[in-house]
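The residues making up each chain are set out below.
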Amino acid sequence: MLSLVLIVFNRKTNTNALFLGLFFILTALFGIAHYLVFYSQDVFWIAVTFNHFVPLMFLMGPFLFFYVRGMIFDTVFSIQKDFFHFIPALFSTVGTIPYYSLPFIEKQKLAGILIRDIDAIRSINVNLFYDSGESFVLRFLLCLGYIMYCVYLLSQFCASHDLKNKHNQIITKWIGTLLGSVLSITLVFIILALYAVQATASDTLNNGYPFYVFAGIVYGLMTLSLLLFPKLLYGETVILGLGFEPIKKKKKRKKKIQVVENSVTEFVPDAIALEWGEKIKWFLDNEKPYLNPDFSISDIALAMSISETQVSFYIQHLFKTTFYKLRAELRVQHAIHLLETESNNFLTIEAIGEKSGFNTRSNFYNVFTSHLGESPKKYATRVRR
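What counts as what
Residues numbered from 1 in each chain as written. Predicted model: local features only at pLDDT ≥ 70, side-chain atom pairs only at ≥ 80, totals over all residues. Heavy atoms only, no water. Helix = DSSP H or I, 4+ residues; strand = E, 2+ residues; numbered from the N terminus. Buried < 20%, exposed > 50% of the residue type's maximum accessible area, 1.4 Å probe, protein only. 1 Å grid on protein atoms, 1.4 Å probe; cavity = no way out; pocket = protein on both sides within 12 Å on 5 of 7 lines; lining within 4 Å. Points joined across faces, edges and corners; volume = space filled by probe spheres on them. Nonpolar A, V, L, I, M, F, W, Y, C, P; charged D, E, K, R; others polar. Axes fitted to C-alpha atoms, helices over the stretch in contact; angles between N-to-C directions. Parallel < 35°, antiparallel > 145°, perpendicular 65-115°, else oblique. Left-handed = near helix turned anticlockwise from the far one by under 90°. Contact = heavy atoms within 4.5 Å. Phe/Tyr/Trp six-rings, centres within 6.5 Å; stacked < 30°, edge-to-face > 60°. Lys NZ or Arg CZ within 6 Å of the ring centre and 35° of its normal. Core = buried A, V, L, I, M, F, W, Y, C linked by side-chain atoms within 4.5 Å. Expected span 1.5 Å × (residues − 1).

### Topic: unusual backbone geometry
Here is step 1 of the chain: Even without glycine at this site, Asn51 takes up a positive phi of about 75°.
Here is step 2 of the chain: Mapping Asn51 onto the fold places it in the loop between α3 (43-49) and α4 (54-57).
Here is step 3 of the chain: Even without glycine at this site, Lys288 takes up a positive phi of about 50°.
Here is step 4 of the chain: Inspection of the secondary structure assignment puts Lys288 in the loop between α13 (271-287) and α14 (297-304).
Here is step 5 of the chain: Residue classification places Lys288 among the partly exposed positions, given a relative accessible area of 33%.

Put into structure tokens, the structure is as follows:
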């Protein structure tokens, strides 16, 4: 349920939270499947859950990494650059195809075997490349590798950024809590997996009960800890590493007015923020992407390898405007340039609007008139004089 809240409230403001939601969904799915297979004694549900979701479990580490990387460095996920992270899951999917193709009645028979003797799980052909025990170990070793790299990224961030910044503190505490919890759970299951290699599955379940209880408690605390960070849960944008230090100022109350006004936040840009502002300005001035009628804020985000949220934040606080107003102003300036040069002699007004990035004649006239107080045609006539 918390995963759904994350996805619903963050799908527009913070796309990185989608990976966190997917990570929680996969870990919950693993817990449910693990319980049904080993404890439910239900033929139908064992047949439904046993081995079907294993390839997805190889995505837990990558999804956690995408989220942590995106929150720390505000980078944009790219399927082209990040494709190799999906290779283990694809490899597992290919190996599981023969099991997927089994009739459901055959899977129910296998479920019955597991109910009668859980130790038979190692003899069931679940994958072309490895058995169930090896799959279990591989999944959590892979996840452990991603966790350790995420810890490294967090340490790098802490070493290079001002942790007195309130936003940095919130994200650092949350990611530290998340990684600490996931690391504890992963180590528990690696211990259980290594124990299972030397002992039977039934012995592992019986002797590993305290480990399961510990993992359950940690997982519950990790999930509920989201409630301590409502800005993350409910989609309020928390920008990390932007170089803005919030300064709270209270507006003075007027006499005889009993309403207490909310405090406002001003942002003072530092060198990092100004550098990103210069990069965005250079991109707009030199590449002129706004001349494309389909130009959107995502084009800047992709070019800068940062998120749309961060681009919007920079434009708002450094350029003192919104993306849409900035785009319109740049297009009008380009149209004015064409009208004031020799292009005015051989291009129609409609052609100038099209070359300036406006997709329709009416849009060109409306935006141009709102900026200059006169239509493009009237401006062109006045310039010719």
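### Quick notes on the layout of surface pockets
Here is step 1 of the chain: A volume near 570 Å³ is recorded for the largest pocket.
Here is step 2 of the chain: As for the largest pocket, its lining consists of 33 residues, and the residues nearest its centre are His34, Phe38, Ile121, Ser132 and Phe136.
Here is step 3 of the chain: Within the lining of the largest pocket, the residues separate by chemical class into 21 nonpolar, nine polar and three charged.

### A closer look at the packing of helix α1 (residues 2-10) against helix α2 (residues 16-40)
Here is step 1 of the chain: Two numbers describe how α1 lies on α2: the axes approach to 8 Å, and their chain directions differ by 165°. It follows from the interaxial angle that α1 and α2 lie roughly antiparallel. For the pair α1 and α2, the sense of crossing is left-handed. Residues Ser3, Leu6, Ile7 and Asn10 of α1 pack against Ala17, Leu18, Leu20, Gly21, Phe24 and Ile25 of α2.
Here is step 2 of the chain: Partitioned by chemical class, the residues of the contact of α1 with α2 number seven nonpolar, three polar and no charged.

### Remarks on the packing of helix α5 (residues 60-73) against helix α8 (residues 132-160)
Relative orientation and spacing of two packed helices are given, respectively, by the angle between their axes and the distance between those axes.
Here is step 1 of the chain: Taken N-terminus to C-terminus, the directions of α5 and α8 make an angle of 10°; their axes are 9 Å apart at the nearest point. Taken together, the axes of α5 and α8 lie roughly parallel to each other. When α5 is examined against α8, the residues Gly61, Pro62, Leu64, Phe65, Val68, Arg69, Ile72 and Phe73 are found in contact with a partner set consisting of Cys143, Tyr146, Ile147, Tyr149, Cys150, Leu153, Leu154 and Phe157.
Here is step 2 of the chain: Taken together, the residues of the contact of α5 with α8 break down into 14 nonpolar, one polar and one charged.

### Thoughts on the environment of Lys377
Here is step 1 of the chain: Checked against the element boundaries, Lys377 lands in helix α20 (residues 376-384).
Here is step 2 of the chain: With 29 residues separating them along the chain, Lys377 and Thr348 place their C-alpha atoms 9.4 Å apart.

### Digging into the environment of Phe86
Here is step 1 of the chain: Assignment of secondary structure puts Phe86 in the loop between α5 and α6 (87-100).
Here is step 2 of the chain: Owing to a relative accessible area of 17%, Phe86 belongs among the buried residues under this scheme.
Here is step 3 of the chain: For the pair Phe86 and Pro55, spaced 31 residues apart in sequence, the C-alpha to C-alpha distance is 9.9 Å.
Here is step 4 of the chain: Look past the residues within four positions of Phe86 in its chain and what remains in contact with it is Leu59, Phe63, Phe66, Phe77 and Ile79.

### Observations concerning the packing of aromatic side chains
Here is step 1 of the chain: Within this structure, the stated rule accounts for 28 aromatic pairs.
Here is step 2 of the chain: Each ring, one from Phe140 and one from Phe189, has its centre 5.2 Å from the other, and the planes form 10°; the classification is stacked. Of the two residues, Phe140 is situated in helix α8 and Phe189 in helix α9 (residues 166-198); the sequence distance between them amounts to 49 residues.
Here is step 3 of the chain: According to the relative accessible area criterion, Phe189 is buried, its value standing at 7%.
Here is step 4 of the chain: A ring pair is formed by Phe323 and Tyr324, whose centres lie 5.3 Å apart and whose planes are at 75°; its orientation type is edge-to-face.
Here is step 5 of the chain: According to the relative accessible area criterion, Tyr324 is exposed, its value standing at 56%.
Here is step 6 of the chain: Among the aromatic residues, those joined into a ring-pair cluster are Phe19, Phe63, Phe65, Phe66, Phe86, Tyr146, Tyr149 and Tyr152.
Here is step 7 of the chain: One residue, Lys279, lies across the ring of Trp276, its end atom 4.4 Å from the ring centre.
Here is step 8 of the chain: Here the guanidinium or amino end of Arg361 rests over the ring plane of Tyr365, the centre of that ring lying 4.3 Å away.

### A few points about the nonpolar core
Here is step 1 of the chain: Within the largest apolar cluster, 69 residues are counted, with the highest numbers of intra-cluster contacts made by Phe24, Phe50, Trp174, Ile175, Leu178 and Phe189.
Here is step 2 of the chain: No other element matches α9, which puts 13 residues into this core.
Here is step 3 of the chain: Within the second largest apolar cluster, 18 residues are counted, among which are Tyr290, Val311, Ile315 and Phe323.

### Here's the deal with helix α7 (residues 104-116)
For an α-helix, the turn length of 3.6 residues means that residues three or four places apart are oriented alike.
Here is step 1 of the chain: The end-to-end C-alpha distance of α7, which contains 13 residues, comes to 19 Å, matching closely the 18 Å that a straight helix rising 1.5 Å per residue would cover.
Here is step 2 of the chain: Those residues of α7 that sit buried are Lys107, Leu110, Ala111, Gly112 and Leu114.
Here is step 3 of the chain: Those residues of α7 that are buried lie in contact with α2, α3 and α6.

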